[in-house]
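One letter stands for each residue in the lines below.
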Amino acid sequence: MKTTTYDVIVAGGGVIGACIAWRLGQAGRRVLLLERGKIGMGASSAAAGMLGAQLEMDKPGPLYRLGLESRSMYRAFADELFEETGIDIQLADNGTLRLALGEEEAERLRLRGAWQTESGARAQWLTPAETARLEPLLGPTYGALHLPDDGNVAAPLLSQALAAAARIRTDVMEGAEVLSYRVDGKGVVVNTLDAVFQAEFFILAAGAWSGGVAGTPSLPARVGPVKGQLLSIRPAGSLRLQRTAFAEGIYLVPKRDGSIIAGATEEHDARFQNDVTVEAVFSLLKAARAVAPGLANAAFERAWLGFRPTTPSSLPLTGPDPVYPQLIYAVGHYRNGILLTPVTGKMIAEAVDGGSWPEHWRAFRPGTTQDAQAIN
Ligand code: FAD
Ligand code: GLY
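Cut-off values and rules
Residues numbered from 1 in each chain as written. Chains lettered and ligands numbered in written order. Predicted model: local features only at pLDDT ≥ 70, side-chain atom pairs only at ≥ 80, totals over all residues. Heavy atoms only, no water. Axes fitted to C-alpha atoms, helices over the stretch in contact; angles between N-to-C directions. Helix = DSSP H or I, 4+ residues; strand = E, 2+ residues; numbered from the N terminus. Parallel < 35°, antiparallel > 145°, perpendicular 65-115°, else oblique. Left-handed = near helix turned anticlockwise from the far one by under 90°. Contact = heavy atoms within 4.5 Å. Nonpolar A, V, L, I, M, F, W, Y, C, P; charged D, E, K, R; others polar. Near = heavy atom within 4 Å. Polar contact = N/O pair within 3.5 Å; in protein donor to acceptor, adjacent residues only side chain to side chain. Areas by Shrake-Rupley, 256 points an atom, 1.4 Å probe, with all protein chains shown as cover. Buried < 20%, exposed > 50% of the residue type's maximum accessible area, 1.4 Å probe, protein only. Pairing = 2+ DSSP bridges.

**Student:** Any chance you could explain the packing of helix 3 (residues 62-85) against helix 6 (residues 155-169) here in plain terms?
**Tutor:** In helix packing, the relevant descriptors are the interaxial angle and the interaxial distance, both defined with respect to the helix axes. Taken N-terminus to C-terminus, the directions of helix 3 and helix 6 make an angle of 55°; their axes are 9 Å apart at the nearest point. On the basis of the axis angle, helix 3 is oblique to helix 6. In terms of crossing hand, the pair formed by helix 3 and helix 6 is left-handed. Of the residues in helix 6, those in contact with Y74, F77, L81, E84 and T85 of helix 3 are L158, A161, L162, A164, A165, I168 and R169. Broken down by class, the residue content of the contact of helix 3 with helix 6 amounts to nine nonpolar, one polar and two charged.

In structure tokens, the structure reads:
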């Protein structure tokens, strides 16, 4: 079998792999992106698209800092993608309300607001009356933490835009599953069913399926799926939800096209079970109606699912293998892969260039996080 050579091979065409391929292609590298199905059709197209740099973080630390960094990159990232591809990823700078549905939760959220404000981010506690005034479609609350800088994008459009950008700058092969990779001298040999490739660098970005790709050395953490089901509704009448409303067990994300995404289940034992279930749709609709009674007459549109890629520590594993720098991992973005796409593209580009990493990126490097101990 003839071997084709590239500078970099990327396995996996979700937002993470496509963004990395695009950035490396822009930097003048010869890149091959291998996607086993259709590019962009994994978790990335399923996501709710929240940029929850503050919303999703319950403590300060490297993930919080990484999320803030990535969120701050989004406006320029969206503009650049539009210039490159003509696709508008529908960035909405409309903020988020983290709702408290009990007194204890209100106290926890006030504390969260305090440390986030101290770190320089914007977060304001709203009384129940202020919350109701801001979002009349919501039911009673114990108040809310207003996070004006946590916006959202249309995840399917982000996936399409990155796929288009990768196609402009790199070679993309769909229907090309990476079966195995092997470090070979200074490079890596990569096998698909009907081809062998060689590259200076190999980047594993196969989302929740990354743990199943056979490799030497193997991925230094267990990466697996956490199934999430979600649905979309379209409000009746003229009242609109202005910003994302996020409560324990349910979130409602208003999109620029007028729809609202309601999500999402967190199914840790479902593995790759691929059905939208009656139980999930029922419980999401029930929770949505409870938190926003003003949406009871909204039209149901559709329901779907995705598999969040997660690691034992729930942290991304990003960067070169501790022993073989030609092998780079970009996996485990779990609940925040859309948020973390721009910064991950930057991290991996720096890793390939041998550039230096700021301190707060190092926590995610293989061999640094506790995941490194959990060898398959
Ligand atoms: P994926 O998008 O899954 O892409 C992996 C790709 O690799 C797939 O296309 C797959 O076909 C391919 N592949 C697999 N094996 C191979 C192989 N052997 N060879 C070649 N290709 C292979 N994040 C946010 O930031 N905000 C949100 O609001 C948000 N909401 C979410 C809601 C739900 C219900 C879910 C499921 C996820 C959500 N996420 C959210 C998380 C986000 O979607 C993921 O973290 C992110 O999409 C992961 O991107 P990825 O490129 O790593 O994986
Ligand atoms: N970040 C939202 C989710 O993963 O459901």
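Text resumes after the structure shown.
**Student:** Got a minute to help me understand the site of ligand 1 in this structure?
**Tutor:** Taken together, 38 residues lie near ligand 1, and E35, S44, M50, Y334 and L339 sit nearest. Contacts to ligand 1 include M50, whose backbone N or O atom sits 2.8 Å from an oxygen atom. The contact in question runs from an oxygen atom of ligand 1 to an N or O atom on the backbone of G337, over 3.1 Å. Elements represented by at least two residues in the shell around ligand 1 include exactly helix 1 (15-26), strand 2 (31-35), helix 2 (43-46), strand 11 (224-234), strand 15 (299-310) and helix 8 (337-353). Of the residues forming the shell around ligand 1, the biggest block, four residues, is contributed by strand 15. Looking at side-chain class alone, the shell around ligand 1 contains 21 nonpolar, 12 polar and five charged residues.

**Student:** In this structure, what is going on with the site of ligand 2? I would like to understand it.
**Tutor:** Taken together, M50, E56, Y251, A264, R308 and R335 are the residues near ligand 2. One of the side-chain N or O atoms of Y251 is found 2.7 Å from an oxygen atom in ligand 2. R308 is positioned such that a nitrogen or oxygen atom in its side chain is 2.7 Å from an oxygen atom of ligand 2. Notes on ligand 2: free accessible area 200 Å², of which the protein chains cover 89%.

**Student:** Would you mind showing me how to read the pairing of strand 12 (residues 244-247) here?
**Tutor:** In the case of a regular strand, side chains alternate between the two sheet surfaces. Judged by which residues are buried, strand 12 turns out to be covered on both faces: T244 and F246 on one side and A245 and A247 on the other are all buried. For strand 3 (residues 96-99) and strand 12, the ladder comprises three bridges, and the chain directions are parallel. Directly across from L97, in strand 12, lies its bridge partner A245. The loop that links strand 12 with its antiparallel partner strand 13 (residues 250-254) comprises two residues; one of these, G249, has a positive phi angle of about 90°.

**Student:** Would you mind going over the sheet that holds strand 12 with me for this structure?
**Tutor:** Strands belonging to one sheet form pairs held by backbone hydrogen bonds; the direction of such a pair is parallel or antiparallel. Pairing is mixed in the open sheet, where eight strands are placed in the order 4-5-3-12-13-14-11-15. Both edges of this open sheet fall to strand 4 (124-126) and strand 15, since each of them pairs with a single strand only. Neighbour-to-neighbour, the strand axes of the sheet open up by a mean angle of 25°, direction not taken into account. In the sheet, strand 11 pairs with strand 14 (residues 260-263) via four bridges, with the strands oriented antiparallel. Looking at strand 14, one finds that L230 is bridged to G263. The strands that helix 7 (residues 278-291) touches are strand 3, strand 11, strand 12, strand 13, strand 14 and strand 15; relative to strand 11, the one it contacts most, it runs at about 55°.

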